[in-house]
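The residues making up each chain are set out below.
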Amino acid sequence: MKILITGVSGQLGRCLVERLGNEHQIIAADRTVLDLSNPETVVATVREIAPDLIINPAAYTAVDKAESEPELAAAVNTYAVAALAEAAKTLRIPLIHYSTDYVYAGNKKDADGKLAPYTESDPVAPLNVYGQTKAGGEQAIRESGCRHLIFRTSWVYSPYGKNFLLTMLKLAAEREQLNIVNDQFGAPTSAITVADITAQIIAQINSAKEASSAENWWTAHLGTYHLVNAGVTNWCDFTRAIVQEARLAGLLTTGPEIKGIPAISYPTPAKRPENSMLDLSKLKRVFGVSVPEWQDSLNECLRRLH
Ligand SMILES: NC(=O)c1ccc[n+]([C@@H]2O[C@H](COP(=O)([O-])OP(=O)(O)OC[C@H]3O[C@@H](n4cnc5c(N)ncnc54)[C@H](OP(=O)(O)O)[C@@H]3O)[C@@H](O)[C@H]2O)c1
């Protein structure tokens, strides 16, 4: 397939290009090719490229800065996504898009008052501008009527760019003590895993197309899914695992003391959810994919850094 991938300088964009590059013709669109802060240019550019599939990992991801740049965040995360969906609809091609745990309020509990994982049918109620603009993008895709898959992911890291894993490796090498939030819960998710599962699903789309059963495939699969690594932790325990595994892998020679702190003592401009746990049953059931535990994907990512 000829696949247009946006945001190729980002963590997930790079992993997607690496994973899909051998099997498909990739049009790697950075912001010089497709500037998503100018949504009105998007449809014409996509038409010119004429892909068979659009994958959109690009986003305005500066969660705190979005509080003071809501228009730019909305242009990239809502209006440009609406334009990609319009292009997909008019060109009769599918759109694969990524969204976030931040569309939820992050306070879901079960009957015993314990934090419970979100399912895709839970209502969205974002706590911050970034989450609102991402929820807007999702909604625009659904309203467009294009063939689409929306994958909500969380706590993304990779060997590339700016992310929690690389920041912790740097700080762990420099400091004797790290104070890390221990009362927010979710699944650290490797962009390598997200790209790999996306590639498995694209293979299914391709097979259905070749078997002339695309119509049926999309009827059964179109929609919104959680796509994160399996398991649950908090930022502090994630940091402990990073340091422990990085030392075993020879990436760190020393290990700082790691102290848990409540989120309330680490204030940020944007509010963040306490509960980012995303249920994976729908993804596994509908696509038949298996999802690695977060510890396994962490080790895979550390091996790439070696
Ligand atoms: N990172 C996380 O923890 C996390 C959590 C949940 C969901 N997600 C979602 O997962 C997806 C991938 O995230 P990521 O971590 O890979 O993001 P990332 O590393 O921050 O990359 C974002 C990409 O978007 C591009 N971009 C930003 N503004 C643009 C514009 N105006 N025009 C064109 N491209 C633009 C960036 O290009 P430049 O390099 O030129 O700025 C970059 O390539 C996103 O949809 C994000 O919302 C991420």
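In case you missed it, the structure is sitting above this.
Predicted model only: the values in this text are computed from it and were never measured.

**Quick word on the environment of Leu222**
Logical step 1: Here Leu222 is to be found in the loop between α7 (214–221) and β10 (223–226).
Logical step 2: Exposure remark for Leu222: the relative accessible area of 38% places this residue in the partly exposed category.
Logical step 3: Placed 75 residues apart in sequence, Leu222 and Arg147 show a C-alpha to C-alpha distance of 6.4 Å.
Logical step 4: Aside from chain neighbours lying at most four places away, what touches Leu222 is Cys146, Arg147, His148 and Leu149.

**A short note on helix α5 (residues 164–174)**
Logical step 1: Buried residues of α5: Leu165, Met168, Leu169, Leu171 and Ala172, and no others.
Logical step 2: In this structure, the buried residues of α5 make contact with β6 (156–157), β7 (177–181), α8 (235–248) and α10 (294–305).
Logical step 3: N-cap assignment for α5: the residue whose side-chain oxygen lies 3.1 Å from the backbone N of Leu165 is Asn163.

**Description of the site of the ligand**
Logical step 1: Close to the ligand lie 25 residues, the nearest being Ser9, Arg31, Thr61, Tyr130 and Lys134.
Logical step 2: Gly7 has a polar backbone atom sitting 3.2 Å from an oxygen atom of the ligand.
Logical step 3: The side chain of Ser9 places a nitrogen or oxygen atom 2.6 Å from an oxygen atom of the ligand.
Logical step 4: Contact with the protein chains covers 82% of the free accessible surface of the ligand, which is 910 Å².
Logical step 5: For the shell around the ligand, the secondary structure elements donating two or more residues are α1 (11–20), β4 (95–100) and α4 (129–144).
Logical step 6: In terms of residue count, the dominant contributor to the shell around the ligand is β4 (three residues).

**A few points about the environment of Gly10**
Logical step 1: Relative to the elements of secondary structure, Gly10 occurs in the loop between β1 (2–6) and α1.
Logical step 2: Residue class for Gly10 comes out partly exposed when judged on its relative accessible area of 28%.
Logical step 3: In sequence terms Gly10 and Thr167 are 157 residues apart; their C-alpha atoms lie 16 Å from each other.

**Considerations on the sheet that holds β1**
Within a beta sheet, neighbouring strands are joined by backbone hydrogen bonds and run either parallel or antiparallel to one another.
Logical step 1: What the six strands build is an open sheet, ordered β2-β1-β3-β4-β5-β10; its pairing is parallel. Strands with a single pairing partner mark the edges of an open sheet, and in this sheet they are β2 (25–29) and β10. Sheet twist, expressed as the mean angle between neighbouring strand axes with direction ignored, is 20°.
Logical step 2: Here strand β5 (residues 148–153) runs beside β10; their pairing, made up of four bridges, is parallel. If you follow Ile150 over to β10, its bridge partner there is Thr224.

**Observations regarding the state of the cysteines**
Logical step 1: Here the structure, examined in full by the defined rule, presents zero disulfides.
Logical step 2: Looking at Cys301, it has no disulfide partner, and the nearest cysteine sulfur is the one in Cys15, 7.6 Å off.

**Topic: the packing of aromatic side chains**
Each aromatic ring pair is described using two quantities: the centre-to-centre distance and the angle formed by the ring planes.
Logical step 1: This model, assessed by the stated rule, comprises 14 aromatic pairs.
Logical step 2: Each ring, one from Tyr102 and one from Tyr130, has its centre 5.8 Å from the other, and the planes form 80°; the classification is edge-to-face. Of this pair, Tyr102 sits in the loop between β4 and α4 while Tyr130 sits in helix α4, and the two are 28 residues apart along the sequence.
Logical step 3: Given a relative accessible area of 10%, Tyr130 falls into the buried group.
Logical step 4: Pairwise contacts between aromatic rings join Tyr98, Phe151, Trp217, Trp218, Tyr225 and Phe287 into one cluster.
Logical step 5: Positioned above the aromatic ring of Tyr160, the side-chain terminus of Arg14 is 3.8 Å from the ring centre.
Logical step 6: Sitting over the ring of Tyr225, Lys282 keeps its end group 4.5 Å from the ring centre.

Definitions and limits used
- Residues numbered from 1 in each chain as written.
- Predicted model: local features only at pLDDT ≥ 70, side-chain atom pairs only at ≥ 80, totals over all residues.
- Heavy atoms only, no water.
- Helix = DSSP H or I, 4+ residues; strand = E, 2+ residues; numbered from the N terminus.
- Buried < 20%, exposed > 50% of the residue type's maximum accessible area, 1.4 Å probe, protein only.
- Contact = heavy atoms within 4.5 Å.
- Polar contact = N/O pair within 3.5 Å; in protein donor to acceptor, adjacent residues only side chain to side chain.
- Near = heavy atom within 4 Å.
- Areas by Shrake-Rupley, 256 points an atom, 1.4 Å probe, with all protein chains shown as cover.
- Pairing = 2+ DSSP bridges.
- Axes fitted to C-alpha atoms, helices over the stretch in contact; angles between N-to-C directions.
- Disulfide = S-S within 2.5 Å.
- Phe/Tyr/Trp six-rings, centres within 6.5 Å; stacked < 30°, edge-to-face > 60°.
- Lys NZ or Arg CZ within 6 Å of the ring centre and 35° of its normal.

Note that all results are geometric; they support no functional claim without further evidence.
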